[in-house]
Amino acid sequence: MDFCSKSSSEGGAVRPADRHEKIVKLVHKAGEVSVDDLAQTLGASRETIRRDLANLDAMGRLKKFHGGARVRSNTSVEPAVEGPFALRMAENLPAKRKIAHAAASLLAPGDAVFIDTGTTTLILAEALVDLPALVVVTNSWRIAATLSANPDHKVFLIGGAYGADAGESLGQFAVEQIRKFRARHAFLTVGAVDENAVMDFDAQVTEVAQAMIERVDSVTVLADASKFGKRGIFEVAPWARIDRLVTDDAPPRALAEALKGGGTQIVVA
């Protein structure tokens, strides 16, 4: 199949985020494309294309099947309801991309970092692929697969009870493994942000984030402005324990003052 695209000799220089955009365009143009055709057209390995398709499927941008991908359908051929994670991937996507690129700029070659499971952190993983060697510890198989596209990165995938929707490891075993590592940074997503703390809606997700916080020097929370003023069920950490908030818009005055009082730096992407 000829897509009239770049030759394979040019594909090696394509950044993962750019390659993802090309894949989506090719799938939408043809309706359905095989892994072999995408690999040949983009000059990437089949393994790389399969990882790309898995991530793009998780983001809700296409539908992966064995051997290829197709355009997502609104007909009865596909399930009427997607999982919550896939639905969240489509929310505030431009803001999440801005946050991800701003967060990626905070890391230096050789840094060790915990990254928890979330829609924004999955986009962050794409932004980190081309950075020089990092050591990454994550409980998300999608993040691990994305970062493994760069062989210079050393990636540790935490095990535990499997949460199928977000593709994450949770529970006691996950927490115990996290406590075997030390890192310079933790990049975390949260469900809600108010003047007192960052919060979430799931006890096991909260426990994973708290375990990561215990094992790092610097904690960075990634949260778009839609999280401001929300109240979660479980407190992840007070602002005094959060070193940096990376967001897409300036927080309201009361929240900004609370962050300042807690010593939290605000980074607006």
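Small disclaimer: the values here were computed from a predicted structure and weren't measured. Numbers given for residues are sequential positions, taken from 1 along each chain in its written order. Reporting of local features is limited, given that this is a predicted model, to residues whose pLDDT is at least 70; pairs of side-chain atoms are given and counted only at 80 or more, and all residues count toward the totals for whole chains, interfaces and linings. Excluded from the side-chain calculations are hydrogens and water; all other atoms, namely the structure's heavy atoms, are used.

Helix and strand content of the protein chain: eleven helices and 15 strands. Here the globule rule reads 2.2 Å times residues to the power 0.38, and the radius of gyration is calculated from C-alpha atoms. Against the 2.2 N^0.38 benchmark of 18 Å for 269 residues, the protein chain shows a C-alpha radius of gyration of 19 Å, consistent with a compact globule. Seen through its C-alpha atoms, the protein chain measures out along the principal axes to roughly 60 × 40 × 35 Å. Exposure is judged per residue with a 1.4 Å probe applied to protein chains only, and the accessible area is read against the type maximum: over 50% gives exposed, under 20% gives buried, and values in between give partly exposed. Within the protein chain, the fraction of its 269 residues that count as buried is 51%. A contact between two residues is defined here by any heavy atoms of the two lying within 4.5 Å. Of all intrachain contacts in the protein chain linking residues separated by at least 6 positions in sequence, the fraction that spans at least 24 positions is 61%. Here, Shrake-Rupley sampling with a 1.4 Å probe gives the accessible areas, and only protein chains in the shown set may cover a residue. When the accessible surface of the protein chain is totalled, it reaches about 12,400 Å², and 50% of it is carbon and sulfur. For the purpose of counting charges, residues Lys and Arg are taken to be positive, whereas Asp and Glu are taken to be negative. His and the chain ends are not included. Lysine's charge is taken at NZ, arginine's at CZ, aspartate's at CG and glutamate's at CD. Charged side chains in the protein chain number 32 positive and 34 negative. The centres of these two groups are separated by 2 Å. Where helices and strands are cited, they refer to DSSP runs of H or I of at least four residues and of E of at least two residues respectively, numbered from the N terminus.

Moving on: the confidence of the model for the protein chain. Per-residue confidence for the protein chain gives a mean pLDDT of 88; residues scoring 70 or more make up 91%. Each residue carries a pLDDT value, the predictor's own confidence for that position, ranging from 0 to 100. Low pLDDT, under 50, characterises residues 1-12; the predicted model gives this stretch 22 contacts beyond four residues in sequence or across chains. Note that residues 75-82 has pLDDT below 50 and, in this model, seven contacts with residues that lie over four places away or in other chains.

The subject of this paragraph is unusual backbone geometry. Its identity is not glycine, yet N92 carries a phi of approximately 50 degrees, on the positive side. Among the structural elements, N92 can be located in the loop between α5 (84-89) and α6 (93-104). Looking at N92, the relative accessible area reads 38%, which means it is partly exposed.

Further remarks concern the environment of T220. Take T220: it is sitting in strand β12 (residues 216-222). Exposure remark for T220: the relative accessible area of 0% places this residue in the buried category. As for T220 and I23, which are separated by 197 residues in sequence, their C-alpha atoms are 31 Å apart. Beyond its immediate sequence surroundings of up to four residues, T220 is in contact with L106, A186, F187, L188, R244 and V246. Here a polar contact is recorded for every N or O atom pair within 3.5 Å, except that within protein the pair must consist of a potential hydrogen donor and a potential acceptor, and residues adjacent in sequence are included only if both atoms are side-chain atoms. At 2.7 Å, the side chain of T220 forms a polar contact with the side chain of R244.

I23, I49, L53, I115, L124, L128 and L147 are the most contacted members of the largest nonpolar core, which has 44 residues in total. Every element with two or more residues in this core is listed here: α2 (16-30), α3 (35-42), α4 (46-58), α5, α6, β4 (112-115), α7 (119-128) and α8 (141-147). Not counting residues within four places of it along the chain, the set of residues in contact with I23 comprises L38, L42, I49, D52, L53, L56 and L62. Only buried residues count toward a nonpolar core. Its members are Ala, Val, Leu, Ile, Met, Phe, Trp, Tyr and Cys residues joined through side-chain atoms within 4.5 Å.

This part covers a nonpolar patch on the surface. Residues with no salt bridge and a relative accessible area higher than 30% make up the patches, which join like charges within 9 Å and nonpolar side chains (Val, Leu, Ile, Met, Phe, Trp, Tyr) within 5 Å. Put simply, a salt bridge is a Lys or Arg side-chain nitrogen that is within 4 Å of an Asp or Glu carboxyl oxygen. Nonpolar side chains collect at one region of the surface, where W141, L157 and Y162 lie side by side and expose about 320 Å² of accessible area between them. With respect to the secondary-structure elements, Y162 resides in strand β7 (residues 161-163).

Let us look at the pairing of strand β9 (residues 183-189). For a regular strand, the rule is simple: side chains alternate between the two faces of the sheet. Burial runs high along β9: six of the seven residues are buried. Two strands qualify as a pair provided that DSSP identifies no fewer than 2 bridges between them. Across three bridges, the pairing between β4 and β9 is parallel. Looking at β9, one finds that I115 is bridged to F187. Relative to β12, β9 is paired through six bridges, and the arrangement is parallel. Bridging from a neighbouring strand, A186 pairs with V219 of β12.

Turning our eyes to something else, we now look at the sheet that holds strand β13 (residues 234-238). Taken together, the three strands give an open sheet; going across it, the order is β10-β11-β13, and neighbouring strands pair in antiparallel fashion. Because the sheet does not close on itself, it has two edges, and the strands there are β10 (192-193) and β13. Where β10 and strand β11 (residues 197-200) come together, two bridges link them in antiparallel fashion. Bridged to A192 within β11 is M199. Whenever a helix is involved, its axis is fitted only over the stretch in contact; in every case the axis is a line through C-alpha atoms, and angles between N-to-C directions fall within 0 to 180 degrees. Sheet contacts for helix α10 (residues 203-214): β11 and β13; angle to β13, the most-contacted strand, approximately 15 degrees.

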